[in-house]
Amino acid sequence: MFNHSVCSYPQRGQYGQSGYRGNCTGFIIRDFIETYLVKSGLFVDPSIGGGTSVDVAKELGVRFKGTDLHQGYNLLTQDLLSFLGEPANLIWWHPPYWNMIRYSGSQWGKEANPWDLSQMDLEQFQEAMLLAMMNIHDATEQGGHYGILMGNLRKDGHYYNLSSMVERMAAGRLVDEIIKIQHNCVSDGRQYSGKLVRINHEKLLVFKKEVQTALYFLAKAMNRTKVVAGITWKAVVRRVLQATGGQSMSLASIYAAIEPYAAEKSENKHWQEKVRQVLQDKRFFKRVEIGVYTLIEV
């Protein structure tokens, strides 16, 4: 289990598929479980990738449910709580570090999947991350925890602080920040010109669920930090429809679900108009009939 806020695992251990790029060591998942999972609680991983969490859960003998986009589960269109059938006590999520590694069409599948976070542009990635984290939060039981392992990225001379993005946008109360030292990185064998500080760490951010829904937390958080309004509104409307488990909703029902969040965003007095505008985005929403909408799935 974790005894302090910095961890280092020089060996990855015999967990998961070693050839699956981006796999983390199973030792950090083991420590995560031993630190935060309550006895008999459900441990969940909605993005199992190469199966590392599967092997760790089996070794420890914990109750576990894991899935992935490559197994047909879509964290961006399907309600995680409905999929699980019960709230999780502890959720582990190790998402792509934006497009550092392209997964669909490379690590799995023959073609790029449009719902794969590693195939999105930066704005789409940020919105998708927000939506996924709200989904994960709402699938966690009250008082339970979820952790997100995220690394940062340097690309074309720019530094992308993805772990800070997670910390800023995730619902729940941040209770721990674990710095994980990276070993055997691809960049270790490369030579770079100039003075370059190599990224040699990832962050495991651990959150505790204290409010019922992520929308309530987001409403409060938006008063403290500035997030791109367009991204936020689309993610909110998508989350409301996602939580129906694939059912359609009337515009009046969508308004009712969003109203507590909208009330906190006091600067937007025309929020219903904004909701209607968002629902016109045919990438994510389908009008079933006049005034009735559903979320587009794979």
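Residues numbered from 1 in each chain as written. Predicted model: local features only at pLDDT ≥ 70, side-chain atom pairs only at ≥ 80, totals over all residues. Heavy atoms only, no water.

1. Quick word on the packing of aromatic side chains
(1) Moving on: Following the criterion strictly, the structure yields 13 aromatic pairs and no others.
(2) Moving on: When the ring of tyrosine 146 is compared with that of phenylalanine 207, the centres are 5.3 Å apart and the planes differ by 25°; the resulting orientation is stacked. Highlighted residues: tyrosine 146 in strand β5 (residues 140-151) and phenylalanine 207 in strand β9 (residues 201-208), separated in sequence by 61 residues.
(3) Moving on: You can call phenylalanine 207 buried: its relative accessible area is 1%.
(4) Moving on: Here phenylalanine 284 and phenylalanine 285 contribute two aromatic rings whose centre-to-centre distance is 6.3 Å and whose plane-to-plane angle is 75°, an arrangement assigned as edge-to-face. Here the two residues phenylalanine 284 and phenylalanine 285 agree in accessibility, since each one is buried.
(5) Moving on: Ring pairs connect the aromatic residues Tyr9, Tyr15 and Phe27, which therefore count as one cluster.
(6) Moving on: Sitting over the face of the ring of phenylalanine 83, lysine 65 holds its NZ or CZ atom 4.6 Å from the ring centroid. (Phe/Tyr/Trp six-rings, centres within 6.5 Å; stacked < 30°, edge-to-face > 60°. Helix = DSSP H or I, 4+ residues; strand = E, 2+ residues; numbered from the N terminus. Buried < 20%, exposed > 50% of the residue type's maximum accessible area, 1.4 Å probe, protein only. Lys NZ or Arg CZ within 6 Å of the ring centre and 35° of its normal.)

2. Remarks on the packing of helix α8 (residues 251-264) against helix α9 (residues 271-278)
(1) Moving on: Two elements in contact, α8 and α9, have axes whose closest approach is 10 Å; the angle formed by their N-to-C orientations is 125°. Classified by the interaxial angle, the pair formed by α8 and α9 is oblique. Between α8 and α9 the crossing geometry is right-handed. Contacts between α8 and α9 pair Leu251, Ile254, Tyr255, Ile258, Glu259 and Ala262 from the former with Trp271, Gln272, Val275 and Arg276 from the latter.
(2) Moving on: Residue composition of the contact of α8 with α9, by class: seven nonpolar, one polar and two charged. (Axes fitted to C-alpha atoms, helices over the stretch in contact; angles between N-to-C directions. Parallel < 35°, antiparallel > 145°, perpendicular 65-115°, else oblique. Left-handed = near helix turned anticlockwise from the far one by under 90°. Contact = heavy atoms within 4.5 Å. Nonpolar A, V, L, I, M, F, W, Y, C, P; charged D, E, K, R; others polar.)

3. Regarding the pairing of β9
For a regular strand, side chains alternate in direction, first toward one face of the sheet and then toward the other.
(1) Moving on: In terms of residue burial, β9 counts as a mostly covered element, since six of its eight residues are buried.
(2) Moving on: Here β5 runs beside β9; their pairing, made up of seven bridges, is antiparallel. Bridge pairing in β9 places leucine 149 opposite leucine 204.
(3) Moving on: Where strand β8 (residues 173-181) meets β9, eight bridges bridge the pair, whose relative direction is antiparallel. Among the inter-strand pairings, isoleucine 179 is bridged to a residue of β9, identified as lysine 203. (Pairing = 2+ DSSP bridges.)

4. Side note on the sheet that holds strand β4 (residues 88-93)
(1) Moving on: Overall, mixed pairing links the seven strands, which are arranged β1-β8-β9-β5-β4-β2-β3 in an open sheet. Sheet topology places β1 (6-8) and β3 (63-66) at the edges, where each strand pairs with a single neighbour. If you compare each strand with its neighbour and ignore which way they point, the axes differ by 20° on average.
(2) Moving on: Both β4 and β5 contribute to a ladder of five bridges, which runs parallel. Considered in β5, the bridge of isoleucine 91 is made with tyrosine 146.
(3) Moving on: Its contacts with the sheet put helix α1 (residues 26-36) on β1, β2 (42-45), β4, β5, β8 and β9, and the angle it makes with β4 is roughly 155°.

5. Some words on the side chain of asparagine 99
(1) Moving on: Within the secondary structure layout, asparagine 99 lies in the loop between β4 and α4 (122-138).
(2) Moving on: A distance of 3.5 Å separates a polar atom in the side chain of asparagine 99 from a polar atom in the side chain of lysine 155.
(3) Moving on: Not counting residues up to four positions away in its chain, the partners in contact with asparagine 99 are Ser118, Leu153 and Lys155. (Polar contact = N/O pair within 3.5 Å; in protein donor to acceptor, adjacent residues only side chain to side chain.)

6. A word on the packing of α4 against helix α5 (residues 162-169)
(1) Moving on: Interaxial distance between α4 and α5 falls to 10 Å at its minimum, and their mutual angle equals 45°. By the angle between their directions, the pair α4 and α5 is classed as oblique. Like other packed secondary-structure pairs, α4 and α5 cross with a definite hand, here right-handed. Together, Phe125, Gln126, Met129, Leu130 and Met133 of α4 and Leu162, Met165, Val166, Arg168 and Met169 of α5 make up the contact between the two elements.

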